[in-house]
Amino acid sequence: MEQEKPTTKEKIIAFSAWVLFFLPFALAKKSDYAVFYGNQSFLLIGSGALALITVRLFPDPFRSIFATMIYFSFFILWVYGMYSSLRGRKKRVPIVGKINFEVSKFF
């Protein structure tokens, strides 16, 4: 079964989800495409915050190294998600995209 192509409006809302994850839930609740990227953005933000909180447990010399690696890897995943949202296909973000948590249930 072939997926419907998202409209330009849906692509723009999905792209904006990478800056403010809640926008698709406020502006396009019925768009599966935009809500999908809102969920992906929320998962990336949440897992990044959790990873950085966990890094605080490491001793000081290693903390900055791990934090830099986390910032860099999450930046790459963020850019990948933005790019995917503009392409018009639902594509999960690697690593965190496999988690099935739907934020839309709370909005």
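Just above sits the structure.
Residues numbered from 1 in each chain as written. Predicted model: local features only at pLDDT ≥ 70, side-chain atom pairs only at ≥ 80, totals over all residues. Heavy atoms only, no water.

## Re the nonpolar core
Line of reasoning, step 1. Counting 15 residues, the largest nonpolar core has Trp-18, Tyr-37, Leu-44, Ile-70, Phe-74 and Val-93 as the members making the most contacts within it.
Line of reasoning, step 2. Elements with a minimum of two residues in this core: helix H3 (32-55) and helix H4 (60-87).
Line of reasoning, step 3. Ranked by residues supplied to this core, first place goes to H3 with 6 residues.
Line of reasoning, step 4. Those residues within four positions of Trp-18 in sequence are excluded, and the remaining contacts are Tyr-37, Gln-40, Ser-41, Leu-44, Trp-78, Gly-81, Met-82, Ser-85 and Val-93. (Core = buried A, V, L, I, M, F, W, Y, C linked by side-chain atoms within 4.5 Å. Buried < 20%, exposed > 50% of the residue type's maximum accessible area, 1.4 Å probe, protein only. Helix = DSSP H or I, 4+ residues; strand = E, 2+ residues; numbered from the N terminus. Contact = heavy atoms within 4.5 Å.)

## Section: unusual backbone geometry
Line of reasoning, step 1. The backbone of Ile-95 sits at a positive phi, close to 75 degrees, despite the residue not being glycine.
Line of reasoning, step 2. Looking at where Ile-95 falls in the secondary structure, it is placed in the segment after H4.
Line of reasoning, step 3. In this structure Ile-95 comes out as exposed when scored by relative accessible area, which is 69%.

## Examining H4
Line of reasoning, step 1. The end-to-end C-alpha separation of H4 is 41 Å, in line with the 40 Å expected for 28 residues at 1.5 Å each.
Line of reasoning, step 2. Along H4, the residues classified as buried are Ala-67, Ile-70, Phe-74, Leu-77, Gly-81, Met-82, Ser-84 and Ser-85.
Line of reasoning, step 3. In the core, the buried residues of H4 are packed alongside helix H1 (8-16) and H3.
Line of reasoning, step 4. Remark: Gly-88 follows H4 within two positions and exhibits a positive phi of approximately 95 degrees. (Expected span 1.5 Å × (residues − 1).)

## So, the packing of H3 against H4
Line of reasoning, step 1. One way to put it is that H3 packs onto H4 with a least axis distance of 10 Å and a crossing angle of 175 degrees. As summarised for this structure, H3 and H4 are arranged roughly antiparallel, according to the angle between their axes. From H3, Tyr-33, Tyr-37, Leu-44, Ser-47, Gly-48, Ala-51, Leu-52 and Val-55 reach across to H4, where they touch Arg-63, Phe-66, Ala-67, Ile-70, Tyr-71, Phe-74, Leu-77, Trp-78, Gly-81, Ser-84, Ser-85 and Leu-86.
Line of reasoning, step 2. Looking at the contact of H3 with H4, its residues break down into 14 nonpolar, 5 polar and 1 charged. (Axes fitted to C-alpha atoms, helices over the stretch in contact; angles between N-to-C directions. Parallel < 35°, antiparallel > 145°, perpendicular 65-115°, else oblique. Nonpolar A, V, L, I, M, F, W, Y, C, P; charged D, E, K, R; others polar.)

## Things to note about the packing of H1 against H4
Relative orientation and spacing of two packed helices are given, respectively, by the angle between their axes and the distance between those axes.
Line of reasoning, step 1. Running from amino to carboxyl end, H1 crosses H4 at an angle of 170 degrees, the nearest separation of the two axes being 8 Å. Considering the angle they form, H1 stands roughly antiparallel to H4. On H4, the residues touching Lys-11, Ala-14 and Phe-15 of H1 are Met-82, Ser-85, Leu-86 and Arg-87.
Line of reasoning, step 2. Classifying every residue of the contact of H1 with H4 gives 4 nonpolar, 1 polar and 2 charged.

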